[in-house]
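What follows is each chain in one-letter form.
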Protein chains: 2
Amino acid sequence: MNKVYVVGIGPGGAQQITPQARAAMDQAAVLCGYTVYIDLVRSLYPGKEVFTTPMTREWERCRRCLELAQSGRTVAMLCSGDAGVYGMAGPLLQLGPEFPEVEVEVVPGVTAALSGGAVLGAPLMHDFCVISLSDLLTPWETIENRLLCAARGDFSICLYNPSSKKRAGYLRRACDILLREKAGTTVCGWVRNIGREGLERRVLTLAELREETVDMFTTVFIGSSATREIGGWMVTPRGYEAKA
Amino acid sequence: MNKVYVVGIGPGGAQQITPQARAAMDQAAVLCGYTVYIDLVRSLYPGKEVFTTPMTREWERCRRCLELAQSGRTVAMLCSGDAGVYGMAGPLLQLGPEFPEVEVEVVPGVTAALSGGAVLGAPLMHDFCVISLSDLLTPWETIENRLLCAARGDFSICLYNPSSKKRAGYLRRACDILLREKAGTTVCGWVRNIGREGLERRVLTLAELREETVDMFTTVFIGSSATREIGGWMVTPRGYEAKA
């Protein structure tokens, strides 16, 4: 069987890798992924062959995985969080038709919206949006429109890739767009290094978030109009029910 | 220590329960939750005390968990999928201030947007919204506005609770709202009984989805304008990149 598993390994710790993801990695002859993800699981598979490529050569990496599988080796392509949320499941399935003998199986995992949300409390208890601020592959106008639509729908919002060296100031730009539709007192939060050493978190207002400096290891949460801070937690009620 | 773990157990199978969630259930003296969720894990913990309440008495159930913890027993409140997405993390944290000696810990899990997405391929590879069609706690006007805003933002959309006995026809109403903004040819999909026996899936158009009958065990996915069917998979490209 020629197979590529594309595996969500969760935020980083072995405690958050599902048995299904472990089984896929167990079966693989080769583990593939960014160096940082491979490092997270290397201690679990000390002898296993690994194949890494730089962050930007994603299509090349996916093609190489499919070629390895075509040659008869089972491959596990590792993604942080979930394989299907800004992960590698898409590119692998897009290339799949070129490798008709290779079966691709997507193994889900705990994405940062969920693992980061748990650290902050329950920011995504009701309807929510996930938006990446990276304009590497997406025009900024599209990102801006999505931020506005998410605000107009009064969704809770989770922001991925809120910043990078090249994109300093993007979070402030996003906050300014949201502040057109949302109150400065809107409850927000951020989590850094989810499931890893150096975990940090903060619950703050949207006005304060605008002044915050975050890095690429941070996930940002913006509340709906119903979101509250309760005992240091960021909590969005499930609907509009009265507390019994 | 007086503690309540609120635990996301994933879609249903033991293979999708994280080690962190298992550890929380291991430590608990009492497992609490809907009968259907308790049944999913009962075989893992044959001797453990369980406490179940009907679907609608959620506040009562949360209060009882906190009382049990206050009396010194460690409790694990089980939620399907993730604890923080339409789960019990919110109500527990909202009641928490009444029980200052009790610590609440949220343990995340694989929610249906991720586990169902993996079955369909990669529908949520780029920015997405999660919306529940249940109007039990939310006015229908709010749901309708969120559907419109999600469509105007060209998000991929995942619908939870698309139907129930009392809400037959809600999916059709939702499709009609989306069809004001989206093409009838938009690629969609649904998954039923994720991670359980009787798994079913279908990839179809938005026009076809409007005619579909689904039940409460179904999760529905509606593509963005970029979503494609590729080899039977539902795939949303990660951005607007050219395929290398």
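Just above, that's the structure.
Counting from 1, residues in each chain are numbered in the order their sequence is written. Here the convention is simple: chains get letters from A, ligands get numbers from 1, in the order in which they are written. Predicted model: local features are reported for residues with pLDDT of at least 70 only, side-chain atom pairs are reported and counted for 80 or more only, and whole-chain, interface and lining totals are derived from all residues. Based on all heavy atoms of the structure, the side-chain values leave hydrogens and waters out of the count.

So, on to the pairing of strand β9 (residues 187–192) of chain B. All names here are of chain B. Relative accessible area decides the class of each residue, using a 1.4 Å probe on protein chains only: under 20% of the type maximum gives buried, over 50% gives exposed, and in between gives partly exposed. The secondary structure listing takes helices from DSSP runs of H or I that are at least 4 residues long and strands from runs of E that are at least 2 residues long, numbered from the N terminus. By the criterion of burial, β9 is predominantly enclosed, with five of the six residues buried. Two elements, β9 and strand β10 (residues 200–205), share six bridges in a ladder whose sense is antiparallel. Residue pairing in the sheet places G189 in a bridge with V203 of β10. Pairing analysis gives five bridges linking β9 to strand β11 (residues 218–222), with the strands arranged antiparallel. Directly across from V191, in β11, lies its bridge partner T219. We call two strands paired when DSSP finds no fewer than two bridges between them.

Take the packing of helix α6 (residues 140–152) of chain A against helix α6 (residues 140–152) of chain B next. Their axes nearest at 8 Å, the elements α6 of chain A and α6 of chain B cross at an angle of 180 degrees. Here α6 of chain A is positioned roughly antiparallel relative to α6 of chain B, judged by the angle of their axes. Mapping the contact onto sequence places N145, C149 and R152 of chain A in α6 of chain A and N145, C149 and R152 of chain B in α6 of chain B. Each residue is assigned to one of three groups, with Ala, Val, Leu, Ile, Met, Phe, Trp, Tyr, Cys and Pro labelled nonpolar, Asp, Glu, Lys and Arg labelled charged, and all others, Gly among them, labelled polar. A breakdown of the residues in the contact of α6 of chain A with α6 of chain B according to their chemical character gives two nonpolar, two polar and two charged. Whenever a helix is involved, its axis is fitted only over the stretch in contact; in every case the axis is a line through C-alpha atoms, and angles between N-to-C directions fall within 0 to 180 degrees. Any angle between 65 and 115 degrees counts as roughly perpendicular, while under 35 counts as roughly parallel, over 145 as roughly antiparallel, and the rest as oblique. What makes two residues a contact is simply this: any of their non-hydrogen atoms within 4.5 Å.

Here we take up the sheet that holds strand β12 (residues 228–230) of chain A. All names here are of chain A. If you trace the three strands from one edge of the open sheet to the other, you get β6-β13-β12, paired in mixed fashion. Edge positions in the sheet fall to β6 (121–122) and β12, since each of these pairs with one other strand and no more. Pairing of β6 with strand β13 (residues 233–235) involves two bridges; the strand directions are parallel. By the bridge assignment, A122 is partnered in β13 with V235.

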